[in-house]
Amino acid sequence: MEARGVPYALALGALVCLTVAVPGAHAETPSADPATVTVPYLDAATLPVNGAWSLEDCPAAPAGSPLTVECDESGITIVANGYAPSAGPWDLPVTVSTGSGSRTLAYSVALGAPDPAEPVSGPLEVPGVAGGRTLIPLASLVGSCVYCGARIDVRVEAIAPEDGSPAVRAWVADHHVVIDAPADATLATLALSVADGTGAWSAPTEATVTLGAGGSAAGLHVLVPRDATVTVTPADLVAATDPSRWRILTCAPPVRGSVACDPDALVYSPDGDDALEDQLDVTLVAPDGVTLAASVTVTAAVGSPMLAPAVPTTGGAHAIAVAAPDEAAAPDGGADAGVLSDLWALLPSLT
């Protein structure tokens, strides 16, 4: 048995990936516990070939997988062109020529998960209301998400101050986090967690919202139907005795479309036709300098403009577009956010 194990050990040394687990030694048949090559999310992994051995054939990409396999004199490059949480692993037999013949090494290829989503943390630039409710768009609470092309989940819990009062409550509605605060509260401290399309939850972060006394006017959070263009005026976004006094001060850029924003209106144009909802943070200002926070959620789920509901959700998943990390290319047509700009640049030059 010892003599039979030596050739297999040599074969394994001839072709091995730094990220694989070493299989049990056996000289004549592929291991029942094959080495696993984990290909990073939308990236590449390499199996180098020992110079004393050579590939008989470049292995084919496993059928039904989002993988590309290329070979050159230095080894095998495997590129992940897509991702699904339940996809794989796949068998990848590799046949090499040795001085005494040929040998097939049994490998398994798996897809590496994307980096987990991260919620925002620290002070939020949202004017909260003491003695009332504050709504914060869910999209503005996700700091980074690579794999949020289909959905996000958000969890929130209000953290009580050291003295135990006042009692601030917080929950997740269909499109917003809702904060309900008593009149004497000055700060809402939240524990936020987010999950991406894999269902993996982030570690919680702590975010704070400063609360001030509510005035005679209130910013509104509206759902508007998705159309070729969407126009919203200050009168649509403020509840006040004289809404004509208010003007739009700022509009945060959307994720899936583009927006033209001036004091009298914002005009939103969608980009693509996927089902993700786009959210825009809007700040309104009155002549006396008082500001209000409002938001617009563009969605195909409504047929006419309506106020965003503030009741807690029961399903947990939200089809809301969130920004990809800064180093990633813009998402395309419903694909996962964070698609790398040029996968083929990762492949070696072939000879």
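Residues numbered from 1 in each chain as written. Predicted model: local features only at pLDDT ≥ 70, side-chain atom pairs only at ≥ 80, totals over all residues. Heavy atoms only, no water.

Another point: the pattern of salt bridges. Counted under the stated rule, the structure contains three salt bridges. Put simply, D180 and R169 hold a salt bridge, and the shortest N to O gap is 2.9 Å. Of this pair, D180 sits in strand β15 (residues 176-181) while R169 sits in strand β14 (residues 169-172), placing them 11 residues apart in sequence. Notably, a salt bridge pairs R247 with D264, separated by 3.3 Å at the nearest N-O pair. Of this pair, R247 sits in strand β22 (residues 247-251) while D264 sits in the loop between β23 (257-262) and β24 (265-270), placing them 17 residues apart in sequence. By relative accessible area, D264 is classed as partly exposed at 48%. Salt bridges linked by common partners bring R133, R169 and D180 together as one network. (Salt bridge = Lys/Arg side-chain N within 4 Å of Asp/Glu carboxyl O. Helix = DSSP H or I, 4+ residues; strand = E, 2+ residues; numbered from the N terminus. Buried < 20%, exposed > 50% of the residue type's maximum accessible area, 1.4 Å probe, protein only.)

Note that predicted coordinates carrying low pLDDT should not be read in detail. Scored by pLDDT, the chain has a mean of 77; 80% of the residues are at 70 or more. When the elements of the chain are averaged for pLDDT, helix α1 (residues 2-14) gives the smallest value, 36, and strand β9 (residues 122-123) the largest, 93. The low-confidence segment residues 1-33, where pLDDT is below 50, has 56 contacts with residues more than four positions distant or belonging to other chains. Ignoring residues within four places in sequence, the model shows residues 327-351, a span with pLDDT below 50, making 52 contacts including any to other chains. (pLDDT = per-residue confidence, 0-100. Contact = heavy atoms within 4.5 Å.)

Inspection of every chain in the model, using the stated rule, returns three disulfides. Note on cysteine connectivity: C58 is disulfide-linked to C71, with sulfurs 2.0 Å apart. The chirality of the disulfide connecting C58 with C71 is right-handed, given an S-S dihedral of about 80°. Taken as a pair, C58 in the loop between β3 (54-55) and β4 (67-72) and C71 in strand β4 lie far apart in primary sequence, 13 residues in all. What connects to what in the chain, once the bonded cysteines are numbered by sequence position, is 1-2, 3-4, 5-6. (Disulfide = S-S within 2.5 Å.)

For the rest of this paragraph, the subject is unusual backbone geometry. Of note, the amide linkage connecting G88 to P89 takes the cis form, showing an omega dihedral of 0°. Here the phi dihedral of L42 falls at roughly 50°; this positive angle occurs in a residue that is not glycine. Position of L42 among the secondary structure elements: in the loop between β1 (35-39) and β2 (44-48). For L42, a relative accessible area of 5% translates into the label buried.

By the definition in use, this model includes three aromatic pairs. When the ring of Y41 is compared with that of Y83, the centres are 5.7 Å apart and the planes differ by 80°; the resulting orientation is edge-to-face. With Y41 in the loop between β1 and β2 and Y83 in the loop between β5 (75-80) and β6 (90-98), this residue pair connects regions lying 42 residues apart in the sequence. Accessibility expressed as a relative area gives 13% for Y41, which makes it buried. Looking at Y83, the relative accessible area reads 15%, which means it is buried. Ring geometry for Y83 against Y147: centres 5.2 Å apart, planes inclined by 90°, an arrangement best described as edge-to-face. In this pair, Y83 sits in the loop between β5 and β6 while Y147 sits in the loop between β12 (142-144) and β13 (152-159), placing the two residues 64 residues apart along the sequence. (Phe/Tyr/Trp six-rings, centres within 6.5 Å; stacked < 30°, edge-to-face > 60°.)

Here we take up the environment of P137. In this fold, P137 is placed in strand β11 (residues 132-137). Separated by 35 residues in the primary sequence, P137 and V172 place their C-alpha atoms 9.9 Å from one another.

Let us now look at the side chain of D196. Its location among the elements puts D196 in the loop between β16 (187-195) and β17 (205-213). If we skip the residues at most four places from it in the chain, D196 touches P114, D115, P116, A117, C145, Y147, C148 and R151.

An order of β22-β25-β26-β19-β27 is seen for the five strands of this open sheet, with the pairing classed as mixed. Both outer strands of the open sheet, β22 and β27 (306-307), are each paired with one neighbouring strand and no more. Pairing geometry for strand β19 (residues 221-225) and β27, over two bridges, is antiparallel. Within β27, the position partnered with V222 by the bridge is L307. (Pairing = 2+ DSSP bridges.)

This part is about the sheet that holds strand β7 (residues 101-111). Pairing in this open sheet of four strands is mixed, and the strands run β1-β7-β6-β3 from one edge to the other. One side of each edge strand has no neighbouring strand; the edge strands of this open sheet are β1 and β3. In terms of strand pairing, β3 meets β6 through two bridges, oriented antiparallel. Looking at β6, one finds that S54 is bridged to S97.

Now for the pairing of β16. β16 sits mainly inside the fold: eight of its nine residues count as buried. Alignment of β13 against β16, held across seven bridges, turns out to be antiparallel. What sits directly across from R155, in β16, is S193.

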